[in-house]
Amino acid sequence: MLWEAHAGIFPAPGPGWEAVRAYHDAGFAHVSLNVGFDLLDRDHALATARDWARRIEASNWAQMSGDLAGIRAARAAGRLSIAFDIEGAVALGGDAGMGEVFHGLGVRQMLLAYNRNTLAAGGCHDEDRGLTAFGRKVVAEMNRVGMIVDGSHAGERTVMDLLSASEAPVIVSHAGAKTLQPHGRNVSDAVIRAVAAQGGLIGVCGIGLFLGGAGAERMADHADHIAQVAGGAAHVALGIDWFPEGPLPGQDDVAATLAAHPEFWPLDQGYGAPIQVCGPAVVADLERELLHRGWTAADVALVFGGNMVALAERIWR
């Protein structure tokens, strides 16, 4: 059951969500689709979630799924199962209770900071201040409603705080290993061990900037390292973070968006260069590469979806 732990398609009301069909065409069973991040406010996230839910409902190839039964039903019908995620606490508007509202709209996973500090937590490209008192309220609400706590884009201190605050395992849904590629968005071996010790997962992304080059071989390098440090494939997932090249709503292209907001994407972190990212179809090459390296078919199946299924079964409500 192929499971994408995070798709990076730009969240905006409108036909942009159609790009998600690439996951259906690549054989994915489920994708976590981003409906907001910290550059955008609460109203934007609400509008995006509601609009995309309507479009998914009207489609003949996808359906919303907030539980494992829904995912399995979608798969049996040949449809792509979709749930939503949010990248950062700005979408909450300072109200931890919005977690329940977003859960009702299909959000099953959320970050507390996207690169920069928020009211809740510290970002990976900021002076990481860790989890705040408000952030702890947000985590408690996420645990209560059954939403996965995601440490992607957060600073290391914040991830460690999330692990201590959350009653459920924490994931880092889309990143690379900092030991292999020393980028601020990546996770250290200490974080990998701590996440694994709590029962969580690290999702390997497909973004060349964070991998040291885009492609199945580099994704396999990072999967190899994470599995070795974490103690096995049971703590590795797939979080490609794919986004289509080309114009975005209100912007010329991805490069223009990044250049317009260096506070979120610092030039000294390499964001000034064109961003290469693997598409969903990379999974065929990645599977062959991992098997060639000696991974068992069972371990590849865990990484490609089995681990996320088990985690969702434990957390989602």
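This structure is a prediction, so every number in the text was calculated from the model and none was measured. (Residues numbered from 1 in each chain as written. Predicted model: local features only at pLDDT ≥ 70, side-chain atom pairs only at ≥ 80, totals over all residues. Heavy atoms only, no water.)

Visitor: Before we go on, may I ask you to explain the overall build of the chain in this structure?
Guide: Check the secondary structure of the chain and you find 12 helices and 9 strands. Overall, the C-alpha framework of the chain stretches about 50 × 45 × 40 Å when taken along its three principal axes. Taking all 317 residues of the chain together, 59% fall into the buried category. In the chain, of all internal contacts separated by at least 6 residues, the share reaching a separation of at least 24 is 72%. Accessible surface for the chain amounts to roughly 11,700 Å². Of this, 51% is attributable to carbon and sulfur atoms. Distance from the positive charge centre (23 side chains) to the negative charge centre (36 side chains) of the chain: 6 Å. (Helix = DSSP H or I, 4+ residues; strand = E, 2+ residues; numbered from the N terminus. Buried < 20%, exposed > 50% of the residue type's maximum accessible area, 1.4 Å probe, protein only. Contact = heavy atoms within 4.5 Å. Areas by Shrake-Rupley, 256 points an atom, 1.4 Å probe, with all protein chains shown as cover. Lys, Arg positive; Asp, Glu negative; His and termini not counted. Charge placed at Lys NZ, Arg CZ, Asp CG, Glu CD.)

Visitor: Quick question: what am I supposed to make of helix α3 (residues 68-76) here?
Guide: An α-helix turns once every 3.6 residues. As a result, residues three or four positions apart point the same way. Here α3 has its buried residues at Leu-68, Gly-70, Ile-71 and Ala-74. Summarising the axial view, the buried residues of α3 lie within an arc of 160 degrees, below the 170-degree limit, and thus occupy one face. In α3, the exposed positions that point more than 90 degrees away from the buried face belong to Ala-69 and Ala-76. Elements that come into contact with the buried residues of α3 comprise β1 (3-7), β2 (30-37), β3 (62-64), β4 (80-87) and α12 (297-315). (Arc of directions from axis to C-beta.)

Visitor: Any chance you could explain the side chain of His-30 here in plain terms?
Guide: Following the sequence through the fold, His-30 ends up in strand β2. Its relative accessible area of 1% is what places His-30 among the buried residues. For His-30, the residues in contact, after removing those within four places along its chain, are Leu-2, Trp-3, Glu-4, Ser-65, Ile-71, Leu-80, Ser-81, Ile-82, Ala-83 and Trp-316.

No statement about biological role is implied by the geometric values presented.
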